[in-house]
Amino acid sequence: MNELLRVEDLTVALPTRSGYAKAVDGMSFAVDTGEVMGIAGESGSGKTITALSLFGLLPHGARVTGSIRLDGIELTSLSGKQLRAVRGRQIAMVSQDPATSLHPILPIGTQLTEHMRHHLEMSKEEALSRAAGLLETVRIPDPEQALRSYPGQFSGGMRQRIAIAVALAAEPRLLVADEPTTALDVTVQAGILRLLDRLCRERGMAVIVITHDLGVMSATARRLFVMYAGRLAEAGPTSELLARPRHPYTRGLLDALPQEGGAALVPIGGSPPSLGQVPAGCPFHPRCKYARPSCTTDRPDPERVAEQHLLACPPDPLRAAP
Amino acid sequence: MSDTVLELADVAVEYGRRGQRLRAVDGVDLTVARGEIVGLVGESGCGKSTLARAAVGLEPLAAGAVTFEGRAVTTLGRRRRPEFLRGLQMVFQDPYESLNPRRKVGEIIADGARLGGGSRADGLRQAAELLERVGLPATAAASYPHEFSGGQRQRIAIARTLMTRPSCLIADEPISALDASAQAQIANLLSGLVDDADLGLILVSHDLSVVRQVADRVAVMYLGRIVEIGATDVVWGNPRHPYTEALVAAIPQVGAGVLPADLPGDVPDPANPPAGCRFHPRCPIAQDSCRQLDQRLAPVEGREIACHIRSGGGLP
């Protein structure tokens, strides 16, 4: 498959009261066309900031270093105007909360056709008829009527499907879905995951799924990146990572999940560090039961431990674990 | 059961909407005993939060009765809440909204003691103990809610309910607003409290995996009615109502690597529920009779389901 997106050594520093703090620290990854890639981690791990940096939509004053190349075009050096031609057309985003990503007092039809008329220079009639088709794709009943309706007239699940339709309007090559189903019921979630899967297979669209739900990851993503405190903890094929996690943090995320047979949930003790207060050495060491003295001083970089498997944990305490 | 603390009998709750009566909860029977966790699950709009609020007297009943320790739960109104209801407490979904941001944590928790006639100093002393019981340092009492994370705030909200020594807690989506690791911590905390303090707990959640983990019994709601109820492992291991089957199949499994099964359609408008079985328009095994026959819970294989097809009124 062709490589669509390559992110190299991405670092994003955000202004805080006590100076700049790194929200993303040296992330590298690539996404192929038609591929679903997952980024997992707790809130505050830098997942969303990584996503927003692809769109140049970071908070005011953010400093970005490293490289983001979409089809060979360096996005970090584009002007605002040049970036607008990419946003919505080449890459599009679905965010967690459909209540905030849709404009409450514009009819659905207007929001759906905006991208088509701007990027694809379609006439209003042409765009509206295609918009109705899109709504049918995401299974909104009575699309003609829906085009004239407002977001408030739909349920949460339907609004999220409409938000996906808006993101798909200009047929982007890469869709970034940030917790797309977290606020939804499992039945609606299943429908949306199936829809995304179908779009990847039929249109060769690539998807980056960002979620803390490892069940959703397992169902959708072929490769999985686990982030902690803005850094890569572990990356590899999803099935391998979830079956044989090597990083203690990945292991911890798995242990916190409800298990077959009703064993007690084992939460990871403590909470993730806040911005600007990332501990020295391995950022996970204060919560890690395998931590050694070296972990408190040496900052681990991801190393290749197997074909396609990256691990940022030099002691590698889970290597021999069954 | 003799140690039943809370009993809901044929409970119905109605809201008015554009001049129409909308029955959000329709004829629900549910009990919870001391030391028992009852999970209440269902999609948004199924009435589970309304039922939870009705159970503590925050919504007026259109029909039926709620009984707490043998006495009727009256709806909260202008009058002072009856003393005996102090044993029935509620934990809300969003700890960012349920705690007063301008009051110190200790004061918030001590309210329960003061309203029960205790002194302020007494309340603050007990607040410190309760904070430790929910896994926070006693010094947290001197801080304000904004100084804590979502999981810690939910612990504070739980400590507040414990001040009145409740015998029954109703928790409405207590972990939905929290991070994954905090979710496990709060679920463990609630389940530990139920054992230690011999509480009854109704746990309302759309997160089926957590309910499965901690609940002794589970009730599945659809459009204002319970469609399946029984011991958690029985219902989960082998769901018999078609709706429960669809719900369980829709949960993505870690390691399965396959897409979860889809349940087409949306929950119908509760102001205009389908006739007969309310699930029939989305049901894969629906027959003509489902359009007419109102469903009642009937025992099937160790649990109760509201499906006459599966409970013997038609083809299996």
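Fair warning: this is a prediction, and the values are worked out from it, not measured in the lab.

## Looking at the overall build of chain A
Within chain A, the secondary structure is distributed over 11 helices and 12 strands. Since a compact globule built from 322 residues should have a radius of gyration of about 20 Å, the 20 Å found for chain A is in line with a globular shape. For chain A, the C-alpha atoms occupy an extent of roughly 65 × 50 × 40 Å along the three principal directions. Across the 322 residues in chain A, those meeting the buried criterion constitute 49%. Across chain A, contacts joining residues at least 24 apart in sequence account for 63% of those joining residues at least 6 apart.

## Considerations on the overall build of chain B
Scanning chain B from N- to C-terminus turns up 9 helices and 12 strands. At 20 Å, chain B has a C-alpha radius of gyration in line with the 20 Å of a compact globule built from 316 residues. Judged by the C-alpha coordinates and their principal axes, chain B covers about 65 × 50 × 40 Å. Taking all 316 residues of chain B together, 52% fall into the buried category. When contacts within chain B are restricted to residue pairs at least 6 apart in sequence, long-range pairs at least 24 apart make up 63% of them.

## Focus: unusual backbone geometry
The backbone of A:Gln308 shows a phi angle near 70°, a positive value even though the residue is not glycine. Counting through the fold element by element, A:Gln308 comes out in the loop between β11 (303-306) and β12 (309-311). Even without being a glycine, B:Glu173 presents a positive backbone phi close to 50°. Looking at the element boundaries, B:Glu173 is found in the loop between β7 (168-172) and α5 (180-197).

## Brief notes about the pairing of β7(B)
Residue and element names in this part refer to chain B. Counting buried positions over the 5 residues of β7 gives 5, a clear majority of the element. Pairing of strand β6 (residues 88-91) with β7 involves 4 bridges; the strand directions are parallel. Bridge pairing in β7 links Val 91 to Ala 171. Both β7 and strand β8 (residues 200-204) contribute to a ladder of 5 bridges, which runs parallel. Counterpart to Ile 170 in the pairing with β8 is Ile 202. Handedness of the crossover is the feature at issue here: the chain leaves β7, passes through α5, returns alongside β8, and the resulting connection is right-handed.

## Some details on the pairing of strand β4 (residues 63-70) of chain A
Residue and element names in this part refer to chain A. Pairing of strand β1 (residues 3-16) with β4, which is carried by 7 bridges, proceeds in the antiparallel orientation. Residue pairing across strands places Glu 8 opposite Ser 67, the latter belonging to β4. Sheet topology note: the β4/strand β5 (residues 73-74) ladder contains 2 bridges and is antiparallel. Bridge assignment links Arg 69 to a residue of β5, and that residue is Glu 74. Hairpin connection of β4 to β5: 2 residues between the antiparallel strands, including Asp 71 at a positive phi of 55°.

## Examining the nonpolar core
In terms of nonpolar packing, the biggest core is built from 191 residues, with A:Ala165, B:Ala55, B:Leu201, B:Ile202, B:Leu203 and B:Val220 touching the most fellow members. Each of domain 1 (3-90 + 174-311) and domain 2 (99-171) of chain A contributes no fewer than three residues to this core. Setting aside anything within four residues of it in sequence, one finds A:Ala165 in contact with A:Leu112, A:Leu134, A:Leu135 and A:Val138.

## Some points on the interface of chain A and chain B
Contacts between chain A and chain B engage 35 residues on the former and 34 residues on the latter. Listed by contribution, the elements that provide at least two residues to the side of chain A that touches chain B are α7 (156-168), α8 (186-203), α9 (214-220), α10 (238-243) and α11 (248-255) of chain A. The dominant element in the side of chain A that touches chain B, judged by the number of residues it contributes, is α8(A), at 8 residues.

## Regarding the sheet that holds strand β3 (residues 36-40) of chain A
All names here are of chain A. With mixed pairing, 8 strands are arranged side by side in an open sheet as β6-β7-β8-β3-β9-β10-β12-β11. The open sheet terminates on both sides in strands that have one partner only, identified here as β6 (91-94) and β11. On average, each strand axis in the sheet is inclined to that of its neighbour by 25°, with strand direction left out of account. In this sheet, β12 lies alongside β11 in antiparallel orientation, the contact comprising 3 bridges.

## Some details on helix α2 (residues 105-115) of chain B
All of the buried residues in α2(B) are B:Val105, B:Gly106, B:Ile108, B:Ile109, B:Ala110, B:Gly112 and B:Ala113. Looking at the buried positions of α2(B), the neighbouring elements they touch are α3 (120-133) and α4 (150-162) of chain B.

## Concerning helix α8 (residues 242-249) of chain B
Among the residues of α8(B), B:Pro242, B:Tyr243, B:Thr244, B:Ala246 and B:Leu247 are the ones counted as buried. Those residues of α8(B) hidden inside the fold are in contact with α8 of chain A together with α6 (208-214), β9 (217-222), β10 (225-231) and α7 (232-237) of chain B.

## Considering the environment of B:Val235
You can see B:Val235 is positioned in helix α7. For B:Val235, the contacting residues outside a window of four places in its chain are B:Val218, B:Glu228, B:Gly230, B:Thr244 and B:Arg303.

## Here's the deal with the sheet that holds β10(B)
Residues and elements named next belong to chain B. The 8 strands lie next to each other as β6-β7-β8-β3-β9-β10-β12-β11, forming an open sheet whose pairing is mixed. With one partner strand each, in any of the chains shown, β6 and β11 (298-300) form the two edges of the open sheet. Averaged over all pairs of adjacent strands, the angle between strand axes in this sheet comes to 20°, irrespective of strand direction. Each of β3 (37-41), β7 and β8 is contacted by α5, which is oriented at about 160° to β8, the strand it contacts most.

## Description of the confidence of the model for chain B
Detailed reading of predicted coordinates is not advised where the pLDDT is low. Residue and element names in this part refer to chain B. Mean pLDDT over chain B: 90, with 98% of residues reaching 70 or higher. At the level of individual helices and strands, chain B shows its lowest average pLDDT in helix α9 (residues 309-313), which scores 81, and its highest in β10, which scores 97. Across the whole predicted complex the pTM is 0.84, and at the interface the ipTM reaches 0.77.

## What about the domain arrangement of chain A?
Residue and element names in this part refer to chain A. Once the domains are mapped, chain A shows domain 1 (3-90 + 174-311) and domain 2 (99-171). Put simply, the middle of domain 1 and the middle of domain 2, counted by C-alpha atoms, are 29 Å apart. Tallying the contact residues gives 13 residues for domain 1 and 13 residues for domain 2. The element best represented in the side of domain 1 that touches domain 2 is α8, accounting for 6 residues. A breakdown of the residues in the side of domain 1 that touches domain 2 according to their chemical character gives 8 nonpolar, 2 polar and 3 charged.

The rules behind each value
- Residues numbered from 1 in each chain as written.
- Chains lettered and ligands numbered in written order.
- Predicted model: local features only at pLDDT ≥ 70, side-chain atom pairs only at ≥ 80, totals over all residues.
- Helix = DSSP H or I, 4+ residues; strand = E, 2+ residues; numbered from the N terminus.
- Rg over C-alpha atoms; globule rule 2.2 N^0.38 Å.
- Buried ≥ 20, exposed ≤ 12 C-beta atoms within 10 Å, placed from the backbone.
- Contact = placed C-beta atoms within 7 Å.
- Pairing = 2+ DSSP bridges.
- Right-handed = clockwise from strand over helix to strand, strands pointing away.
- Core = buried A, V, L, I, M, F, W, Y, C linked by C-beta atoms within 7 Å.
- Domains from an automatic or database assignment.
- Axes fitted to C-alpha atoms, helices over the stretch in contact; angles between N-to-C directions.
- pLDDT = per-residue confidence, 0-100.
- Nonpolar A, V, L, I, M, F, W, Y, C, P; charged D, E, K, R; others polar.

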